[in-house]
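So the chains spell out like this:
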Amino acid sequence: MTRELLKVLAFLEECLRFSPRSIVLTLISLVVVLALTWVLWIIFEGSASHLQTTFNPKSDNTESIHDLYMIVWVLSGFVMVGVLTLTMAFSLIFRERPGAPPAQQFHGNSRLEIIWTLIPIVIVVAIAIPSFQVILETEGDPPANSLEIVATGHQWWFEFEYPKENLITANELHIPVGQPVSIELRSDDVIHSFWIPQLVGKVDMVPGHNNHLWFTPYEPGEYYGQCAEYCGTSHANMRFRVIVETQEGYDAWVANQTNDALPAVGTEAQAGEKIATTLCAACHMIRGTSTNTAFAIKGPDLTHVGSRNHIAAVTMENNSENLAQWLKNPPGVKPGSRMPVLALSDEQISQLVAYLQELQ
Ligand code: CUA
């Protein structure tokens, strides 16, 4: 036994006898690999604190997906490290060198073939079992006490309807913390995909075929949502925000949003109201005014547009300056925008801005 071991050690010693030059080269490569790994780690760590990340789950849905992802990540990490280590070791040990026996070609080794067939089967089964569990968990019926919402994808913005609360809003989804939310997904035109990286995985919004998803948010906060299926020119600008708030905050929001719009105050806003209820009414609804909603081309409900933090599918913060820029040239802000350039005078724009900002 000892003699065998000594033989192996002598063989290894012979294999690993390197010139000083190759040792230096190996050390340099090691340093480079470690430095690259460190840079990747910094990027990975940085992305974990970014708002549009899947590494920092904040709901039951994304937590299940993240846990599953970690299993896959660790298993594939073992495979990668194992394969690379063996490849490097074998290419060092069996490299061509003076006095080494020449390489031989041979066919068939049942034991090896069984081993390298069984290992992948075990790995695939180890991934499949938790995958099916997560699918059953996340794709099942929503809990009975879920808040029901209908989300509709439009080129290029999101509409949110709360049927029981009788309210409609755009690009800003408010939900209470700790309560399951059940969302029916529809599309008004092409295929979109609904995705809130920290709260729920991607589900397609398909015209003529309604999909569903549900999740329970864990923590109050503002989360980023994004269309995740290429849907035309402004796909990348099709964003939304999810505001997860306390039950009291959510109730107050609902109470305000279900109110009709108040009449304009002040001469500038009153002039703006006239433009809004005539020109804008072709596509937009302002509840409590005479706006007609029976048009096929429809833009976001503007009843409480002033209360929203962003405009133009979250491409801009909602303030007077941005709103004026948007009204002057919508496709300039959001390329391909269905809202055309309306050739409004600067005076009309400031009147409209004054009115829209009153719609709190
Ligand atoms: Cu909608 Cu991409």
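Here we come to the sheet that holds strand S6 (residues 192–196). Read from one edge to the other, the open sheet built from five strands follows the order S4-S10-S9-S6-S7, with strand pairing classed as mixed. At either end of the open sheet lies a strand with only one pairing partner, and these are strand S4 (172–176) and strand S7 (200–205). Direction aside, neighbouring strands of the sheet carry axes that sit 20° apart on average. Relative to strand S10 (residues 239–245), strand S9 (residues 221–227) runs antiparallel, the two sharing six bridges. The partner of Gln-226 across the bridge, within S10, is Arg-239. Sitting on the sheet, helix H5 (residues 247–257) touches S4 and S10, and the angle it makes with S4 is about 135°.

Here we take up the nonpolar core. Core analysis: the biggest nonpolar cluster contains 31 residues, and Ile-183 and Phe-194 have the highest contact counts within it. Listed in part, the 24 residues of the second largest apolar core include Ile-275, Ile-286, Trp-326 and Leu-344.

Time to look at the packing of aromatic side chains. Scanning the model with the defined rule gives 10 aromatic pairs in all. Ring geometry for Phe-158 against Phe-160: centres 6.4 Å apart, planes inclined by 5°, an arrangement best described as stacked. Accessibility assignment for this pair places Phe-158 and Phe-160 in one class, buried. The interplanar angle of 55° and the centroid separation of 5.5 Å between the aromatic rings of Phe-160 and Phe-240 together place this pair among those described as tilted. Taken together, the residues Phe-160 in strand S2 (residues 157–162) and Phe-240 in strand S10 connect sequence positions 80 residues apart. For Phe-160, a relative accessible area of 0% corresponds to the buried category. We classify Phe-240 as buried; its relative accessible area is 0%. Grouping aromatic residues by their ring pairs yields a cluster made of Phe-158, Phe-160, Phe-194 and Phe-240.

Under the 1.5 Å per step criterion, the end-to-end length of helix H4 (residues 110–139) is 42 Å for 30 residues, consistent within 8% with the ideal 44 Å. Taken residue by residue, H4 has Pro-130, Ser-131, Val-134 and Thr-138 as its buried positions. Those residues of H4 that are buried lie in contact with helix H3 (60–93) and strand S8 (211–215).

Taking strand neighbours across the sheet as the criterion, the five strands line up as S3-S2-S1-S5-S8 in an open arrangement whose pairing is mixed. What marks the edges here is a single partner per strand, and that holds for strand S3 (167–170) and S8. The average angle at which neighbouring strand axes cross in this sheet is 25°, direction not considered. Bridge count for S2 against S3 is four bridges, and the pairing is antiparallel. The residue bridging Phe-160 from the neighbouring strand is Thr-169, located in S3. Against the sheet, H5 makes contact with strand S1 (147–154), S2 and S3, and its axis sits at roughly 100° relative to S3, the strand it touches most.

About the thresholds
- Residues numbered from 1 in each chain as written.
- Predicted model: local features only at pLDDT ≥ 70, side-chain atom pairs only at ≥ 80, totals over all residues.
- Heavy atoms only, no water.
- Pairing = 2+ DSSP bridges.
- Helix = DSSP H or I, 4+ residues; strand = E, 2+ residues; numbered from the N terminus.
- Axes fitted to C-alpha atoms, helices over the stretch in contact; angles between N-to-C directions.
- Contact = heavy atoms within 4.5 Å.
- Core = buried A, V, L, I, M, F, W, Y, C linked by side-chain atoms within 4.5 Å.
- Buried < 20%, exposed > 50% of the residue type's maximum accessible area, 1.4 Å probe, protein only.
- Phe/Tyr/Trp six-rings, centres within 6.5 Å; stacked < 30°, edge-to-face > 60°.
- Expected span 1.5 Å × (residues − 1).

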